[in-house]
Amino acid sequence: MSRDGLTAGLQRLDLALSEAQVTQLLDYLALLQKWNKVYNLTAVRDPAEMLTHHLLDSLTAIKPLLRQTAGEPVRLLDVGSGGGLPGVVIAIVCPHIDVSCVDTVGKKAAFIQQAAATLRLSNLRGVHARVETLKAEQGGGFDVVCSRAFASLVDFTSWSQAALKPGAVWMAMKGRHPVDELAALPGGVEVFHVEQLQVPGLDAERCIIWMRPQGG
Ligand SMILES: C[S@@+](CC[C@H](N)C(=O)[O-])C[C@H]1O[C@@H](n2cnc3c(N)ncnc32)[C@H](O)[C@@H]1O
């Protein structure tokens, strides 16, 4: 796994990480590669592609997330996290953010738990559940609920709404600007920002759709 490629990407994203964090990111990719053979965590198998399509792609969301949360120690839920994208990357880069990665597939949640232990990330946990079953009143709720390559915006927001704290926001990582999905959102969901992202080394459209409950 190329440390130079990652370092160059981090520079282009204007992200200043410690050497230890860069090592953790590379160790995470190595874990993903190792356990992908057993757990089927992602369809991307080529190491160079994992760096751009997974790691740098997820890292592109860090600056927008830090700006939105003003650097506060928030609780974040990554819905349909799979092998931990972007949840594990956020937990590594933002130790002040408490990250829960939820997935319906038990072995994927188990992989996240294993990654948290191996990478010594006390701010990361894997949760084996359908997101629809998570309720803020039981677990305290989340300030940010994010997803990447998950469901439509309508399903993402309606399935995860009960997990939101008052004042919380949704951060949906999408490819091309999802015109039809945005049009299908109900009146109870307010889209307050759509931002385009540029992933280093990837010539593809990416954006973040920021939403919150109407009046929330
Ligand atoms: C296409 S994968 C995306 C994984 C990861 N976010 C990524 O970007 O590589 C979607 C994941 O959502 C999970 N999933 C589907 N429905 C779910 C639900 N209702 N609650 C939680 N996870 C769900 C699936 O098991 C799968 O791991």
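Residues numbered from 1 in each chain as written. Predicted model: local features only at pLDDT ≥ 70, side-chain atom pairs only at ≥ 80, totals over all residues.

J.: Which parts of the structure should I look at to understand the UniProt feature "binding site: S-adenosyl-L-methionine" (unreviewed entry) in the protein chain?
T.: In this numbering, the UniProt entry assigns the feature "binding site: S-adenosyl-L-methionine" (unreviewed entry) to Gly80, Leu85, Val131, Glu132 and Arg148. With respect to the element layout, Gly80 can be found in the loop between β1 (75-79) and α5 (87-93). Leave out the neighbours within four places in its chain, and Arg148 touches Ser58, Leu85, Pro86 and Met173. (UniProt positions renumbered as here; feature names shortened; annotations may be inferred. Helix = DSSP H or I, 4+ residues; strand = E, 2+ residues; numbered from the N terminus. Contact = placed C-beta atoms within 7 Å.)

J.: Is there a simple way to think about the nonpolar core in this case?
T.: A general trend in soluble globular proteins is that nonpolar side chains are found buried together. If you look at the biggest cluster of nonpolar residues, it comprises 59 residues, and the most contacted ones within it are Leu55, Leu76, Val89, Ile90, Val144 and Val145. Top contributing element to this core by residue count: strand β5 (residues 164-174), with seven residues. Each residue touching Leu76, except ones within four places of it in the same chain, is listed here: Ile90, Ile97, Asp98, Val99, Phe142, Asp143, Val144 and Cys146. (Core = buried A, V, L, I, M, F, W, Y, C linked by C-beta atoms within 7 Å. Buried ≥ 20, exposed ≤ 12 C-beta atoms within 10 Å, placed from the backbone.)

J.: Can you help me understand the sheet that holds strand β2 (residues 98-103) in this one?
T.: Sheets are built from strands that pair by backbone hydrogen bonding, the pairs being arranged parallel or antiparallel. The seven strands are arranged β3-β2-β1-β4-β5-β7-β6 in an open sheet whose pairing can be described as mixed. This sheet does not close on itself; its edge strands, each paired only once, are β3 (124-128) and β6 (189-197). Each strand of the sheet is rotated relative to its neighbour by a mean of 20 degrees, with strand direction disregarded. Bridge count between strand β4 (residues 142-148) and β5: six bridges; the pairing is parallel. Among the inter-strand pairings, Phe142 is bridged to a residue of β5, identified as Leu164. Each of β1, β4, β5, β6 and β7 (206-213) touches helix α8 (residues 153-160); the most contacted strand, β5, lies at about 155 degrees to it. (Pairing = 2+ DSSP bridges. Axes fitted to C-alpha atoms, helices over the stretch in contact; angles between N-to-C directions.)

J.: So what exactly am I meant to see when it comes to the site of the ligand here?
T.: Taken together, the neighbourhood of the ligand is formed by 19 residues, with Gly80, Gly82, Val131, Arg148 and Ala149 sitting nearest. The residue inventory of the shell around the ligand, partitioned by class, reads eight nonpolar, six polar and five charged. (Near = placed C-beta within 6 Å. Nonpolar A, V, L, I, M, F, W, Y, C, P; charged D, E, K, R; others polar.)

J.: How should the packing of helix α2 (residues 19-39) against helix α6 (residues 106-118) be read in this particular structure?
T.: Between two packed helices, the angle of one axis relative to the other and the distance separating the axes together describe the packing. Across the interface, α2 lies against α6 with an axial gap of 11 Å and an inter-helix angle of 150 degrees. On the basis of the axis angle, α2 is roughly antiparallel to α6. As for the relative orientation of α2 and α6, their crossing is right-handed in sense. For the pair α2 and α6, contact is made by Tyr28, Leu31, Trp35 and Tyr39 and by Lys107, Lys108, Phe111, Ala115 and Thr118, respectively. The class makeup of the residues in the contact of α2 with α6 is six nonpolar, one polar and two charged. (Parallel < 35°, antiparallel > 145°, perpendicular 65-115°, else oblique. Left-handed = near helix turned anticlockwise from the far one by under 90°.)

J.: What should I look at first to understand the pairing of β7 in this one?
T.: A regular strand carries its side chains on alternate faces of the sheet. Both β5 and β7 contribute to a ladder of five bridges, which runs antiparallel. Along β7, the bridge assignment pairs Lys174 with Cys207. Here β6 runs beside β7; their pairing, made up of eight bridges, is antiparallel. Counterpart to Glu190 in the pairing with β7 is Arg212.

J.: Sorry, what's going on with α2 here?
T.: Along an α-helix, residues three or four positions apart point the same way, because every turn accommodates 3.6 residues. The end-to-end C-alpha distance of α2, which contains 21 residues, comes to 29 Å, matching closely the 30 Å that a straight helix rising 1.5 Å per residue would cover. Among the residues of α2, Gln24, Leu25, Tyr28, Leu29 and Leu32 are the ones counted as buried. Buried residues along α2 sit in contact with α1 (3-12), α3 (47-59), α5 and α6. Where α2 ends, the next residue or the one after it, Asn40, has phi of about 55 degrees, a positive value. (Expected span 1.5 Å × (residues − 1).)

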